[in-house]
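# Overview (structure and organization)
Residue-level listing of the chains:
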Amino acid sequence: MSRLLYESSVSFEGYLIIPFVYGKADNYEIYSYKLLSEIGQKSQFHKAENPAEIYGTSLSNIIDIAKEHIQKHSDFVSHGDSFQRRYTYHQNLIIVFQQDDKYFYDHYPPELLNNIAAPKLFKSEYECLTWIKQGLEMRHTRQRVR
C-alpha cells in the first residue's frame, strides 16, 4: 500500500474517508480508501479498509464509492464534523479536538492508521499545533541526516 492521501481526505457523516493508491494497471492508478470513525472502536468501520470492496479510477470516484457505502451500511450517522480541524504536515495527519477549554490531538503517520499521539492537553489549538510541528520537524530532520 502506498501512503495514505490525507490531503485528499473527506469528512462525511461521522467518518473520515482517506483515499490511497491501491495499485496500478496499464499505467492507471487504482484507488482504495480507509475510514476513521468519530466514535472510534464503537463503529464497525473504524480503521476499516475499503468495506465496500469496490475500487475506483480517480480520487473523486473512490470518495463517491465510500460515501455511498457509508450511507447504506453505517451503524451511526453524525451531522457534526469531528474532523473539521484536520491538518497534513510532512504527510502526517493531525486531528485537533476541543473539549471545554482544552485541546488534544490524534496523530497518524503517512502509511498507517495507528494513532501515535502523546496524551497531552493544551490551552489552545495554536499551542497544540506548534507542539506537534516541533516534534515532527525534529523527527523529519533526524531522518534526513541519516
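Below or above, wherever it landed, is the structure these notes cover.

Within the protein, the secondary structure is distributed over two helices and six strands. Relative to the 2.2 N^0.38 estimate, which gives 15 Å for 146 residues, the radius of gyration of the protein is 16 Å and therefore close to what a compact globule would have. Based on the C-alpha atoms only, the size of the protein along its principal axes is roughly 45 × 40 × 20 Å. Split into buried and exposed, the 146 residues of the protein put 38% on the buried side. Long-range contacts, defined as pairs at least 24 residues apart, comprise 47% of the intrachain contacts of the protein with a sequence gap of at least 6. For the protein, the computed accessible surface area is about 8,700 Å², with 47% contributed by carbon and sulfur atoms. Of the side-chain charges in the protein, 17 are positive and 18 negative, and the distance between the mean point of each set is 9 Å.

Attention now goes to the environment of Glu125. On the secondary structure map, Glu125 appears in helix α2 (residues 125-145). In sequence terms Glu125 and Tyr103 are 22 residues apart; their C-alpha atoms lie 6.1 Å from each other. Filtering out sequence-adjacent residues up to four positions away, Glu125 remains in contact with Arg85, Tyr87, Val96 and Tyr103. Within the structure, the side chain of Glu125 is placed 3.1 Å from the side chain of Arg85, a separation counted as a polar contact. In terms of polar contacts, Glu125 uses its side chain to reach the side chain of Tyr87, at 2.3 Å.

The next point concerns the side chain of Asp106. Within the element layout of this structure, Asp106 appears in strand β6 (residues 102-108). Although Asp106 lies buried, it forms no salt bridge, and the closest oppositely charged side chain, Lys47, sits 8.5 Å away as judged by the N-O distance. Here the side chain of Asp106 touches Asn115 through a polar contact of 2.8 Å, side chain to side chain. Apart from residues lying up to four places away in sequence, Asp106 is in contact with Leu93, Ile94, Ile95, Phe97, Asn115 and Ala117.

The next subject is the packing of aromatic side chains. Two numbers describe a pair of aromatic rings. These are the distance of the centres and the angle of the planes. For the structure on display, the rule yields seven aromatic pairs. Pairing Tyr15 with Phe76 gives two aromatic rings, centres 5.1 Å apart and planes at 40°, and the pair type is tilted. Note that Tyr15 is positioned in strand β2 (residues 15-25) and Phe76 in the loop between α1 (59-73) and β4 (86-89), a separation of 61 residues in sequence. Residue Tyr15 shares its accessibility class with Phe76, and that shared class is buried. Every member of this aromatic cluster is reached through a ring pair, and the members are Tyr15, Phe45 and Phe76.

This part takes up the side chain of Ser37. Here Ser37 is to be found in strand β3 (residues 28-37). Setting aside chain neighbours within four positions, we find Ser37 in contact with Gly14, Tyr15, Ser43, His46, Phe76 and Phe83.

One finds Tyr15, Ile17, Tyr33, Leu35, Ile62 and Ile70 to be the most contacted residues of the largest nonpolar core, which totals 17 residues. Broken down by secondary-structure element, the contributors of at least two residues to this core are β2, β3 and α1. The residues touching Leu35, leaving out its near neighbours within four places in the chain, are Tyr15, Leu16, Ile17, Phe45, His46, Lys47, Ala48, Pro51, Ile70 and Leu113. Counting residues in hydrophobic clusters, the runner-up holds twelve residues, among them Ile18, Phe20, Phe83 and Ile95.

Conventions used here
- Residues numbered from 1 in each chain as written.
- Predicted model: local features only at pLDDT ≥ 70, side-chain atom pairs only at ≥ 80, totals over all residues.
- Heavy atoms only, no water.
- Helix = DSSP H or I, 4+ residues; strand = E, 2+ residues; numbered from the N terminus.
- Rg over C-alpha atoms; globule rule 2.2 N^0.38 Å.
- Buried < 20%, exposed > 50% of the residue type's maximum accessible area, 1.4 Å probe, protein only.
- Contact = heavy atoms within 4.5 Å.
- Areas by Shrake-Rupley, 256 points an atom, 1.4 Å probe, with all protein chains shown as cover.
- Lys, Arg positive; Asp, Glu negative; His and termini not counted.
- Charge placed at Lys NZ, Arg CZ, Asp CG, Glu CD.
- Polar contact = N/O pair within 3.5 Å; in protein donor to acceptor, adjacent residues only side chain to side chain.
- Salt bridge = Lys/Arg side-chain N within 4 Å of Asp/Glu carboxyl O.
- Phe/Tyr/Trp six-rings, centres within 6.5 Å; stacked < 30°, edge-to-face > 60°.
- Core = buried A, V, L, I, M, F, W, Y, C linked by side-chain atoms within 4.5 Å.

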